[in-house]
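In case you want the letters, here they are:
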Amino acid sequence: MSRYRHADPEQVYFDLLPLTSRSFLDSGVTVQTPCRPAPRLGEAIGVPGLWLKDESRQPTRTTKDRLASVVTAVLRQFGVKEFVGSSTGNSSTALARAVRMDPTMRAHFFCGAEFVANHDIPYNSRTKLTVVQGSYVDASAEARIFAAAQGLHFDAGFFNWARREGLKLAYLEALDAMDRTPDVVVQAVSSGMGMLAAHKGMREYLEIGELDRMPRFLMAQEESCAPAAKGWRNGRAELSDADRIEHPTGLATAILLGDGSPYYPYLHSIAAGTGGSIVSAAREDLITARRMLHTIEGIDVCYASAAAIAALRNEASAGRIRPDETVLVNLTGRSRMTADL
């Protein structure tokens, strides 16, 4: 069981964060979440040693509250009081909540028209959402232009080290809750920022003796928008313009990123270096996995989280994950919208 009992995970893991003072952290932005064995679901999908980390228990229902906590702390550390961001919904919603908790901060968020429903950002004097007629990429471009014109910090995604520092805490918590080292860790990915964060956290735990080996990393995408899985399946270390999906569609809206070329080399390196893989799962598999999670474990997740279970089930069925292996799945969140199960 976990050695830690604290309302604010960032305080527990402060020594592993790039902060100079605990005072920069704002209490309550994120919380500890359960990590437990799930033998019944594990038996049903061929992985008896299954553990689930349930990040849907975060305040805005996704693991992105973790990045929001550390990002706002880092911004305070550097004296930044106003910034610009964009996302498909979860990151901006989490950051907006963190900003509202600090009366000295302001933020401007941008999103593509198709992702408006994924956002929960009250329009007021300190948090504003601008809708762009276009994709996530278009919204990010508009956000960058606005930030440059206003002389504001643009808080970007994958290459933002503060975001990764926050996201890694979900995995450190999970490792501390487990009574063994997982053989495999599984998470759904778009850019894969969460997996990069997990890999960094596990490297740090290896260095200080809190982990005895590096698990294999299994990354999952929805089949309708899976440029990274396609590249991996074809044995390529990089993606090209031909891999770009102009108008991504699918159930797992949180991971529908059509252009994965800037990020794929990092994911490829992690998968190859740990003996892992990048795979995709079909729409029907996601629906089945989500229903199984709800029926067997009583956990209601979004389809992006379900993609991780769907991919794991497929890999176990194909014999690429053995029944005697311990597998940790990070369920990154749930939808803020009502959806039929």
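The structure under discussion appears in the preceding block.
So, a few notes on the structure that sits alongside this text. Everything numeric here is computed off the predicted structure, so don't read it as measured data. (Residues numbered from 1 in each chain as written. Predicted model: local features only at pLDDT ≥ 70, side-chain atom pairs only at ≥ 80, totals over all residues. Heavy atoms only, no water.)

A word on the overall build of the protein
Looking only at helices and strands, the protein features 11 helices and 10 strands. For a compact globule of 341 residues, the expected C-alpha radius of gyration is about 20 Å, and the protein comes in at 19 Å, within 12% of that figure. On the principal axes, the C-alpha backbone points of the protein span a range of 55 × 45 × 40 Å. The buried share of the protein, reckoned over its 341 residues, is 56%. (Helix = DSSP H or I, 4+ residues; strand = E, 2+ residues; numbered from the N terminus. Rg over C-alpha atoms; globule rule 2.2 N^0.38 Å. Buried < 20%, exposed > 50% of the residue type's maximum accessible area, 1.4 Å probe, protein only.)

Regarding the packing of helix α3 (residues 64-77) against helix α4 (residues 90-100)
Helix-helix packing is described using two parameters, namely the angle between the two axes and the distance between the axes. Packing of α3 against α4 brings their axes to within 8 Å, and their N-to-C directions diverge by 50 degrees. Taken as axis vectors, α3 and α4 run oblique relative to one another. Between α3 and α4 lies a crossing of right-handed hand. Of α4, the residues touching α3 (which contributes K64, D65, L67, A68, V71 and T72) are N90, S91, A94, L95, R97 and A98. (Axes fitted to C-alpha atoms, helices over the stretch in contact; angles between N-to-C directions. Parallel < 35°, antiparallel > 145°, perpendicular 65-115°, else oblique. Left-handed = near helix turned anticlockwise from the far one by under 90°. Contact = heavy atoms within 4.5 Å.)

Points about the packing of aromatic side chains
Two aromatic rings, taken as a pair, are described by how far apart their centres are and by the angle between their planes. Using the criterion set out here, one finds 7 aromatic pairs in the structure. Summarising the aromatic geometry, the rings of F83 and F109 are spaced 6.0 Å apart at their centres and angled 85 degrees between planes, so their arrangement reads as edge-to-face. One end of the pair, F83, is in strand β3 (residues 82-86); the other, F109, is in strand β4 (residues 106-112), with 26 residues separating them in the sequence. Considered together, F83 and F109 belong to a single accessibility category, that of buried residues. One aromatic cluster in this structure is built from F158, F159, Y263 and Y266. (Phe/Tyr/Trp six-rings, centres within 6.5 Å; stacked < 30°, edge-to-face > 60°.)

Some details on the sheet that holds strand β8 (residues 216-222)
Each strand in a sheet pairs with its neighbour through backbone hydrogen bonds, running either in the same direction (parallel) or in the opposite one (antiparallel). The sheet built from 6 strands is open, its strands ordered β1-β2-β10-β7-β8-β9 with mixed pairing. At either margin of the open sheet sits one strand with a lone partner, and together these are β1 (35-37) and β9 (277-281). Between one strand axis and the next, the sheet turns through 25 degrees on average, direction left out of account. Those strands touched by helix α7 (residues 193-207) are β7 (184-188) and β8, and its axis lies near 170 degrees from that of β8. (Pairing = 2+ DSSP bridges.)

Some thoughts on the packing of helix α6 (residues 161-177) against α7
The interhelical angle for the contact between α6 and α7, taken along N-to-C directions, is 60 degrees, at an axis separation of 7 Å. By the criterion of interaxial angle, the relationship of α6 to α7 is oblique. Our pair here, α6 against α7, has a crossing hand that is right-handed. For the pair α6 and α7, the contacting residues are R163, R164, E165, L167, K168, Y171, L172, L175 and D176 in the first and M193, G194, M195, L196, A197, A198, K200, G201, M202, E204 and Y205 in the second. Considering only residue class, the contact of α6 with α7 consists of 11 nonpolar, 2 polar and 7 charged. (Nonpolar A, V, L, I, M, F, W, Y, C, P; charged D, E, K, R; others polar.)

Here we look at the pattern of salt bridges
For the structure on display, the rule yields 24 salt bridges. A salt bridge links R163 to D155; its shortest N-O distance comes to 2.8 Å. Across the pair, D155 and R163 agree in class, each one buried. A salt bridge links R322 to E325; the shortest N-O distance between them is 3.6 Å. On the accessibility criterion, R322 (45% relative accessible area) is partly exposed. Through salt bridges with shared partners, a single ionic network connects K53, E55, R66 and E173. (Salt bridge = Lys/Arg side-chain N within 4 Å of Asp/Glu carboxyl O.)

Examining the nonpolar core
Among the nonpolar cores identified, the biggest contains 60 residues, and F83, F217, M219, I278 and L328 are the most heavily contacted of them. At the level of secondary structure, the elements contributing two or more residues to this core comprise α3, α4, β4, α6, α7, β8, α8 (227-233) and α9 (264-274). By residue number, the principal contributor to this core is α6, which donates 8 residues. Contact partners of M219, with chain neighbours within four places excluded, come to Q187, V189, M195, L267, I270, A271, S277, I278 and V279. A252, I296, I299 and V329 belong to the second-largest nonpolar core, a separate cluster that totals 38 residues. (Core = buried A, V, L, I, M, F, W, Y, C linked by side-chain atoms within 4.5 Å.)

So, the sheet that holds β4
The 4 strands are arranged β5-β4-β3-β6 in an open sheet whose pairing can be described as parallel. Only two strands of the sheet have a single partner each, and these edge strands are β5 (127-132) and β6 (153-154). Inspection of the sheet shows β3 paired to β4 by 5 bridges, in the parallel sense. Bridged to S86 within β4 is F110. With respect to the sheet, α4 is in contact with β3, β4 and β5, its orientation differing from that of β4 by roughly 165 degrees.

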